[in-house]
Amino acid sequence: KGVAWIFPCQEFSRFGIGSYKGKTKIKEGLESFLKKFNLEITDDLHGGFFTNKFREPIVENIFLAGDAAGQCLPLNGEGIRTSLYFGEKCGKIIQQIINREKTLEQGLKEYREFVARHKKYYTFLSTMQKIFMTSPKFLTFLIAKFLNLKPVFKYVEKKYVNLANF
């Protein structure tokens, strides 16, 4: 029904939790998560939303990538790799426009089509997220156990990595 993470950041780490249920008061869950590591919340507490609603990557004549385009993966909240992936493509297209190798209209069309080719993956992950959120725990456990079988895991891992593979 959500995710938790530990993100190393030089000499310290950032701990966090996220809710796919739309909960906005999740401090209690964060405190519970931190207790597992004998830690407490510091004054440096902040929050936000997973931008996992895949949206139009062009607004007027503005290219959007990463969080601005809702390119955070729905099932696990991963956004850095996808931001880099779409951002790199976006940057190359913009450079071609600057170099006059293509028009703005051609660049906008190319980027929109590039992003659209990935929509099916986001739709699938969103569907899986909804299934996990509404399924009883035992069913979620069985699905996770199935996905952890070596041949299944290898297949799913390859598909997942290739979603935003440079």
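These remarks concern the structure in this document. Worth saying up front: this structure is predicted, and the values here are computed from it rather than measured. (Residues numbered from 1 in each chain as written. Predicted model: local features only at pLDDT ≥ 70, side-chain atom pairs only at ≥ 80, totals over all residues. Heavy atoms only, no water.)

Once that is clear, we can look at the side chain of Gln-71. Within the secondary structure, Gln-71 is located in the loop between β4 (62-63) and α2 (80-98). Using a relative accessible area of 0% as the deciding quantity, one classes Gln-71 as buried. Here Gly-66 takes part through its backbone nitrogen, which lies 2.6 Å from a polar atom of the side chain of Gln-71. (Helix = DSSP H or I, 4+ residues; strand = E, 2+ residues; numbered from the N terminus. Buried < 20%, exposed > 50% of the residue type's maximum accessible area, 1.4 Å probe, protein only. Polar contact = N/O pair within 3.5 Å; in protein donor to acceptor, adjacent residues only side chain to side chain.)

All chains considered together, the criterion is met by nine aromatic pairs. Centre to centre, the rings of Phe-33 and Phe-37 are 5.4 Å apart; their planes meet at 80°, and the pair counts as edge-to-face. Residue Phe-37 is classed as partly exposed on the basis of its relative accessible area, which comes to 38%. Between Tyr-85 and Phe-114, the aromatic rings sit 5.5 Å apart at their centres with planes inclined by 40°, giving tilted as the arrangement. One end of the pair, Tyr-85, is in helix α2; the other, Phe-114, is in helix α3 (residues 104-116), with 29 residues separating them in the sequence. An aromatic cluster of three or more residues is present, and its members are Phe-54, Tyr-85, Phe-86, Phe-114 and Tyr-122. Geometry around Tyr-160 places Arg-81 over its ring, the cationic atom sitting 5.0 Å from the centre. When the ring centre of Phe-114 is taken as origin, the NZ or CZ atom of Lys-89, which lies over that ring, is 5.4 Å away. (Phe/Tyr/Trp six-rings, centres within 6.5 Å; stacked < 30°, edge-to-face > 60°. Lys NZ or Arg CZ within 6 Å of the ring centre and 35° of its normal.)

Turning to the layout of surface pockets, a few remarks are in order. Taken as a whole, the second largest pocket holds about 670 Å³ of empty space. Lining the second largest pocket are 20 residues; nearest its centre among them are Leu-75, Phe-124, Leu-125, Val-156 and Tyr-160. If you list the elements that add at least two residues to the lining of the second largest pocket, you get α4 (119-134), α5 (137-147) and α6 (150-163). Of all the elements, α6 adds the most residues to the lining of the second largest pocket, at seven residues. (1 Å grid on protein atoms, 1.4 Å probe; cavity = no way out; pocket = protein on both sides within 12 Å on 5 of 7 lines; lining within 4 Å. Points joined across faces, edges and corners; volume = space filled by probe spheres on them.)

Another aspect to go through is the environment of Gly-16. Along the chain, Gly-16 turns up in strand β2 (residues 12-19). Overall, the relative accessible area of 5% leaves Gly-16 in the buried class. Sequence separation between Gly-16 and Glu-31 is 15 residues; the distance between their C-alpha atoms is 9.7 Å. Discounting chain neighbours no more than four positions away, the residues touching Gly-16 are Val-3, Ala-4, Trp-5, Leu-30 and Phe-33. (Contact = heavy atoms within 4.5 Å.)

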